[in-house]
Amino acid sequence: MSSLSRISALGASLATLGLAASLTSPVLSQSTFPDVPPDYWAKPFIERLAQKNIIVGYPDGTFRPEQAVQRDEFAAMLRQAFDREPVREIEDASAFQDVPEGYWASPAIESAYQQGFMSGYPGGFFGPNQPVSRVDALVTLTRGLNLAPEPRRVVRRPVYLPLAMTSLMQPLVAAAPQPPTPVAALARDYYVDAQQIPPYAINDIGIATQQNLVVNHPNPRVLEPNEPLRRSTAAAFIHQTLVAQDRMEPLPSNVEAYNYIVRPEVTQAAQ
């Protein structure tokens, strides 16, 4: 079987599982899931987004909160959560060599590319089945939405790089160094594992931190930037981004999940 045939078969199986976030059947639009128990740390984020069909479950009724997110699925989440004007054009998502015509996530990939959230790899590839890391997700949100530090200042940023594993991005990062900024210092000072943040992402992580996009469980000060993005954490990041845009009400402070939202001003005030 050719590689494209294998990809087409995989795409068909994923669509059958209901990963395409644009689907809104009664099974997929549920807001409670049997594998998300009442005391699960991310339950409030998951339920809120599920109610709006921004994230979906599977036909068997599960959500699979600990499952790693791939680039095609993250594109589908972005498509459901954000509706932005296109900043560039692509004739069709199948223009990528590894996204065959009829692939389940083609509309989402096309939208994520046109709106500037995600890019492809050299050689005309998108990498739909590549895993998304936590740092990749936060960089995609901050750059795709053009988020800036507060108070709003012009921050010189490098050319947008494709969402990718750190090892693939390092050669490109060297050509686009970022000057030190206050938000970069915030990220370095706040996270105990800040040395693991790739240099290209430090400003973006600072911006995401300042605007309360970051949610870390169980310890808010441990970022684990290069760990795979889980479906639960994707829900938390997207929820907080919508809150920052005033498109969703913040979680009440008496909800346990609220404690995992990174709020560096609280830590600094306590010191």
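Residues numbered from 1 in each chain as written. Predicted model: local features only at pLDDT ≥ 70, side-chain atom pairs only at ≥ 80, totals over all residues. Heavy atoms only, no water.

*Asks:* Hey, could you run me through the side chain of arginine 231 in this one?
*Replies:* Within the fold, arginine 231 resides in helix α9 (residues 231-244). We classify arginine 231 as buried; its relative accessible area is 2%. (Helix = DSSP H or I, 4+ residues; strand = E, 2+ residues; numbered from the N terminus. Buried < 20%, exposed > 50% of the residue type's maximum accessible area, 1.4 Å probe, protein only.)

*Asks:* Which parts of the structure should I look at to understand the side chain of glutamine 211?
*Replies:* Counting through the fold element by element, glutamine 211 comes out in the loop between α8 (202-210) and α9. With residues near it in sequence (within four places) discarded, glutamine 211 still touches Leu147, Ala148, Glu150 and Ala244. (Contact = heavy atoms within 4.5 Å.)

*Asks:* Mind showing me how you'd approach the nonpolar core here?
*Replies:* Note on soluble globular proteins: their nonpolar side chains tend to be buried together. Among the nonpolar cores identified, the biggest contains 73 residues, and Phe45 and Tyr191 are the most heavily contacted of them. Only α2 (43-51), α3 (71-81), α4 (106-114), α5 (134-144), α7 (182-190), α8 and α9 provide two or more residues apiece to this core. Considering each element in turn, this core owes the most residues, seven residues, to α9. Apart from the residues lying within four places of it in its own chain, the contact partners of phenylalanine 45 are Val215, Ala235, Ala236, His239, Gln240, Leu251, Ala257 and Ile261. (Core = buried A, V, L, I, M, F, W, Y, C linked by side-chain atoms within 4.5 Å.)

*Asks:* Help me understand the pattern of salt bridges, please; the structure alone is not making it clear to me.
*Replies:* Opposite charge on two side chains permits pairing when their charged atoms draw close. Scanning the entire structure with this criterion turns up four salt bridges. Here aspartate 60 ties to arginine 64 by a salt bridge, and the two come within 3.3 Å at their closest N and O atoms. For the salt bridge of glutamate 73 with arginine 231, the shortest nitrogen-to-oxygen distance reads 2.1 Å. Pair noted here: glutamate 73 is in helix α3 and arginine 231 is in helix α9, with a separation of 158 residues, a long-range link. The exposure classification of glutamate 73 matches that of arginine 231, with both residues buried. (Salt bridge = Lys/Arg side-chain N within 4 Å of Asp/Glu carboxyl O.)

*Asks:* How should I be thinking about unusual backbone geometry in this particular structure?
*Replies:* Comment: phi is negative for the bulk of residues other than glycine, and the bulk of peptide bonds are trans. Here the amide bond leading from histidine 217 into proline 218 is cis, since omega sits at 10°, within 30 degrees of zero. Positive phi values are uncommon outside glycine, yet glutamate 224 reaches one of about 50°. Along the polypeptide, glutamate 224 turns up in the loop between α8 and α9. Not every positive phi belongs to a glycine, and aspartate 246 is a case in point at roughly 60°. Tracing the sequence through the fold places aspartate 246 in the loop between α9 and α10 (264-270). The class of aspartate 246 is exposed, set by a relative accessible area of 71%.

*Asks:* Whenever I open this one, α4 confuses me. Can you help?
*Replies:* For α4, the buried fraction is high: seven of the nine residues fall into the buried class. Here the buried face of α4 lies against α3. Remark: glycine 116 follows α4 within two positions and exhibits a positive phi of approximately 85°.

*Asks:* Looking at this structure, I do not really get the packing of aromatic side chains. What am I missing?
*Replies:* Scanning the entire structure with this criterion turns up nine aromatic pairs. Seen from their ring centres, phenylalanine 33 and phenylalanine 63 are 5.2 Å apart, and the 40° between their planes marks the pair as tilted. Of this pair, phenylalanine 33 sits in the loop between α1 (3-17) and α2 while phenylalanine 63 is found in the loop between α2 and α3, placing the two residues 30 residues apart along the sequence. There is no split in this pair, since phenylalanine 33 and phenylalanine 63 are both buried. Between the aromatic rings of tyrosine 103 and tryptophan 104, the centroid separation amounts to 6.2 Å while the plane-to-plane angle is 40°, which identifies the pairing as tilted. The pair tyrosine 103 / tryptophan 104 is uniform in exposure class, with both members buried. Ring-pair connections join several aromatic residues into one group, and the members of that group are Tyr40, Trp41, Phe45 and Tyr260. Directly above the ring of phenylalanine 126 sits arginine 71, whose terminal nitrogen or CZ lies 4.2 Å from the centroid. Here arginine 221 stacks its cationic end above the ring of tyrosine 190, 4.8 Å away from the centre of that ring. (Phe/Tyr/Trp six-rings, centres within 6.5 Å; stacked < 30°, edge-to-face > 60°. Lys NZ or Arg CZ within 6 Å of the ring centre and 35° of its normal.)

*Asks:* Honestly, the environment of proline 250 in this entry has me stumped. Any pointers?
*Replies:* Looking at where proline 250 falls in the secondary structure, it is placed in the loop between α9 and α10. Taking the C-alpha atoms as reference points, proline 250 and histidine 239, separated by eleven residues in sequence, lie 8.7 Å from one another. For proline 250, the contacting residues outside a window of four places in its chain are Arg48 and Val243.

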